[in-house]
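If you want the building blocks of each chain, they are given just below.
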Amino acid sequence: MRDVARLAGVSHQTVSRVLNNLPNVSPATRGRVLDAVRVLNYRRNLAARTLVTARSRTIGLIGFETTLAGPASMIYGIEKAAREAGYYVSIATVRSLDRHSVLDAVEQLCAQAVEGIIAIAPKNSVADALTQVPAGTPAVGVGGADDGSVPMLRVDNVRGASLATRHLLELGHATVHHVPGPADWPEARDRIDGWRQTLHAAGASVPRVEPGDWSARSGYLRGQRLAVDPAVTAVFCGNDHIALGVLRAFHEAGRRVPGEVSVVGFDDTPESGYFLPPLTTVHQDFAELGRRSVELLIGQLSGAPAPAGPVHLAPHLVVRASARSSRAA
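Treat the numbers as computed from the prediction; the structure is a model and nothing was measured.

K.L.:
What should I look at first to understand the packing of helix α8 (residues 157-170) against helix α9 (residues 186-202) in this one?
P.N.:
Helix packing geometry: the angle between the two helix axes and the distance between the axes. Contact geometry of α8 with α9 gives a least axis separation of 7 Å together with a crossing angle of 40°. With respect to α9, the axis of α8 lies oblique. Considering how the two elements wind past one another, α8 and α9 form a crossing that is right-handed. Only E187, D190, R191, G194, W195, Q197, T198, L199 and A202 of α9 make contact with α8, whose side of the interface consists of N157, V158, A161, S162, T165, R166 and L169.

K.L.:
Got a minute to help me understand the packing of aromatic side chains in this structure?
P.N.:
Any two aromatic rings considered together are summarised by their centre-to-centre distance and by the angle between their planes. Evaluated as defined, the whole model comprises three aromatic pairs. Ring plane angle 70° and centroid distance 6.1 Å describe the contact between F64 and W185, whose orientation is recorded as edge-to-face. One end of the pair, F64, is in strand β1 (residues 58-64); the other, W185, is in the loop between β6 (177-179) and α9, and 121 residues separate them in sequence. No difference in accessibility class separates F64 from W185, as the two residues are buried. Their ring planes at 50° and their centres at 6.4 Å tell us that F236 and F266 sit as a pair that is tilted. Of the two residues, F236 is situated in strand β7 (residues 234-237) and F266 in strand β8 (residues 262-267); the sequence distance between them amounts to 30 residues. A residue is classified by how much of its surface remains accessible, and F236, at 0% relative accessible area, is buried. A relative accessible area of 0% means that F266 is categorised as buried. One aromatic cluster is present, built from ring pairs that chain together F64, W185 and W214. The ring of Y87 carries R57 above its face, with NZ or CZ at 4.1 Å from the centroid. Seen from the ring of F266, R191 lies directly overhead, with NZ or CZ sitting 3.8 Å from the centre.

K.L.:
Is there a simple way to think about the sheet that holds strand β3 (residues 116-120) in this case?
P.N.:
Pairing between the strands of a sheet is mediated by backbone hydrogen bonds and can be parallel or antiparallel. Strands sit in the order β2-β1-β3-β4-β5-β10 across an open sheet of six strands; the sheet is parallel. Every other strand in the sheet has two partners, leaving β2 (88-94) and β10 (311-313) as the edge strands with one partner each. For this sheet, the mean angle separating the axes of adjacent strands, direction not counted, is 20°. Relative to β3, β1 runs parallel, the two being bridged by four bridges. For L61, the partnering residue across the bridge sits in β3 and is I118. In this fold helix α6 (residues 99-110) packs onto β1, β2 and β3, with an angle of close to 155° to the strand it touches most, β2.

K.L.:
What should I look at first to understand the environment of V264 in this one?
P.N.:
Tracing the chain through its elements places V264 in strand β8. Separated by 72 residues in the primary sequence, V264 and I192 have C-alpha atoms spaced 14 Å apart. Once you skip the residues sitting within four places of it in the chain, V264 turns out to touch A164, H167, L168, V235, F236, C237, L279, T280, T281, L317 and A323.

K.L.:
Even after reading the chapter, I still don't get the nonpolar core, so can you show me in this structure?
P.N.:
Proteins that are soluble and globular tend to have nonpolar side chains buried together. Counting residues in hydrophobic clusters, the biggest one holds 62 residues, and the most contacted among them are I118, V235, F250 and V263. The biggest single contributor to this core is helix α12 (residues 286-301), with six residues. Not counting residues up to four positions away in its chain, the partners in contact with F250 are G223, L226, A227, V232, V235, R255, V257 and V261.

Calculation criteria
- Residues numbered from 1 in each chain as written.
- Predicted model: local features only at pLDDT ≥ 70, side-chain atom pairs only at ≥ 80, totals over all residues.
- Heavy atoms only, no water.
- Axes fitted to C-alpha atoms, helices over the stretch in contact; angles between N-to-C directions.
- Helix = DSSP H or I, 4+ residues; strand = E, 2+ residues; numbered from the N terminus.
- Parallel < 35°, antiparallel > 145°, perpendicular 65-115°, else oblique.
- Left-handed = near helix turned anticlockwise from the far one by under 90°.
- Contact = heavy atoms within 4.5 Å.
- Phe/Tyr/Trp six-rings, centres within 6.5 Å; stacked < 30°, edge-to-face > 60°.
- Buried < 20%, exposed > 50% of the residue type's maximum accessible area, 1.4 Å probe, protein only.
- Lys NZ or Arg CZ within 6 Å of the ring centre and 35° of its normal.
- Pairing = 2+ DSSP bridges.
- Core = buried A, V, L, I, M, F, W, Y, C linked by side-chain atoms within 4.5 Å.

Below, the structure is given as structure tokens:
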């Protein structure tokens, strides 16, 4: 740092202010310091900095191996929000969401002196493991169950499912069938609850559901069974991947979407607007989930109390071409 200061013609305290993005440094001085950093290929010694400040400025992030758009987008959103807040991110990825694997990830991150941990927590086992984080290291879950064990940030899946179901009912469909995600995911259960509650409130019949998984294949197999029933005119899918499989099944059965059947998904993945037909779906803002989870964790690091209950983000419906009035069929 003193070499950088010497080359830039400033004090080493000024170099420190620039590197820590602190105010009260003129643009010209900041530019000279950054030029000197590049010329000298200077890199801060994070281990030494941690010893001096007792702060690592690092957030631990627990993710899991998946091709699902939602969790992957959450990881990106959290990393981006942390970087903008001046924190580094250390990511521990687990193959399985069982308690033992998550506890191993917690131990790995704590060994790196992270200041706090954020976990993508789609199953109760993840939230349970977060209760074992050492005292003094705050933790936040994203997307998990509302059991109160750790501060939790999640999309209001019940409301999102209700928006999708109500939209189909308002289009004139007598009832709405549902192709859900896996039974052991709180998000899938909440979407079933929102769908079922909305049908009950409308006085509509509630079709039987068969839990599957989040894949297009699962949607395709269930869609094949639905497609042979002429009474099926509206389908709400647990996510957009499932909807893709359902659309394929109805197409192969010769049933037009949206001419004979309306289909709505959940997530608003980047590809959903390019399905054939473009998919009406429920949008959840993964970037905002990332920003709010980092904000919640940093608040705890600053001494702010954790929220009394889970923090819910409101989704909204994105209307495209895959659903239309049943009277127009």
